[in-house]
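Here's the letter readout for the chains.
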Amino acid sequence: MTWAEAITAFTALFVVIDPIGLAPIFVALTAGLSARARRSIALRACLIAASLLIIFALAGEGLLNFLGISMPAFRIAGGLLLFLTALEMLFEKRTLRREGQADAPPDDPSVFPLALPLIAGPGAIATMILLTDEASPVGTAQAIGVMLVVIAVVFAFFQLAAPMERLLRATGINVVTRLLGMLLAALSVQFVLDGLGAILGW
């Protein structure tokens, strides 16, 4: 992989994963948590997402084919899961409340929806498969390295969650959460439409 190819791969993954757009979503999903808890969730989400993308980079399309799953079907499933999260953000139906429920298990968004499908979503998985398709072992390793750099950027933006929350305050967070819920709903529908379009040949 040349430097030009590496820059192209970085740009593609950066645009698909969108670390800047994920930062306010992270704020909304972790509102009220301590800095330590947020750091733990951010690290866990990034590690899980990176692991998933590495698996798909190494196994590629063969894994999905072995399971009988097409990329359009995977995109539709990711869109539906993301839509459920959007509904919770829109109507504040977070099932576990921290206040007055100290004995309740923590509401941990690190696996879902942060790692999957927000960071390692259908688009990122498809991009990794395309970058490593018919690549040499060295090329595959370089593509994984570029992906890890993008994940590191995601983690860095997640660390800005606390300053963003202090800037927005409770009312601002509430407004942003509703707005992002709408955007997530639209994004999830787009995932589903893209999957349907690929299946139906639109």
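Below or above, wherever it landed, is the structure these notes cover. (Residues numbered from 1 in each chain as written. Predicted model: local features only at pLDDT ≥ 70, side-chain atom pairs only at ≥ 80, totals over all residues. Heavy atoms only, no water.)

**Some remarks on the overall build of the chain**
Part 1 of the argument: Along the backbone of the chain there are nine helices and zero strands.
Part 2 of the argument: Along its sequence from the N terminus, the chain presents helices and strands in the succession α-α-α-α-α-α-α-α-α.
Part 3 of the argument: By the compact-globule yardstick of 17 Å for 202 residues, the chain fits well, its C-alpha radius of gyration being 18 Å.
Part 4 of the argument: When its C-alpha atoms are laid out on the principal axes, the chain stretches across 55 × 35 × 30 Å.
Part 5 of the argument: By the burial criterion, 40% of the 202 residues in the chain qualify as buried.
Part 6 of the argument: Of the contacts made within the chain by residues no fewer than 6 positions apart, 85% connect residues no fewer than 24 positions apart.
Part 7 of the argument: Carbon together with sulfur atoms contributes 69% to the accessible area of the chain, which is approximately 10,900 Å² in total.
Part 8 of the argument: Side chains of the chain carry 12 positive and 13 negative charges; the gap between the two charge centres is 13 Å. (Helix = DSSP H or I, 4+ residues; strand = E, 2+ residues; numbered from the N terminus. Rg over C-alpha atoms; globule rule 2.2 N^0.38 Å. Buried < 20%, exposed > 50% of the residue type's maximum accessible area, 1.4 Å probe, protein only. Contact = heavy atoms within 4.5 Å. Areas by Shrake-Rupley, 256 points an atom, 1.4 Å probe, with all protein chains shown as cover. Lys, Arg positive; Asp, Glu negative; His and termini not counted. Charge placed at Lys NZ, Arg CZ, Asp CG, Glu CD.)

**Some remarks on the nonpolar core**
Part 1 of the argument: Of all hydrophobic cores here, the largest spans 48 residues; its most connected members are Ile17, Leu53, Ile119, Ile151 and Phe158.
Part 2 of the argument: Looking at this core, the elements that each hand over two or more residues are helix H1 (3-17), helix H2 (19-29), helix H3 (35-59), helix H5 (71-91), helix H6 (110-119), helix H7 (122-132), helix H8 (137-158) and helix H9 (161-200).
Part 3 of the argument: It is H3 that provides the largest number of residues to this core, a total of nine residues.
Part 4 of the argument: Those residues in contact with Phe158 that sit more than four places away from it in its chain are Leu22, Ala23, Phe26, Ala42, Cys46, Leu114 and Ile119. (Core = buried A, V, L, I, M, F, W, Y, C linked by side-chain atoms within 4.5 Å.)

**Side note on the pattern of salt bridges**
Part 1 of the argument: Counted by the stated rule, this structure contains one salt bridge.
Part 2 of the argument: Notably, a salt bridge pairs Arg44 with Asp108, separated by 2.9 Å at the nearest N-O pair. One end of the pair, Arg44, is in helix H3; the other, Asp108, is in the loop between H5 and H6, with 64 residues separating them in the sequence.
Part 3 of the argument: Take Arg44: its relative accessible area is 32%, and that puts it in the partly exposed class. (Salt bridge = Lys/Arg side-chain N within 4 Å of Asp/Glu carboxyl O.)

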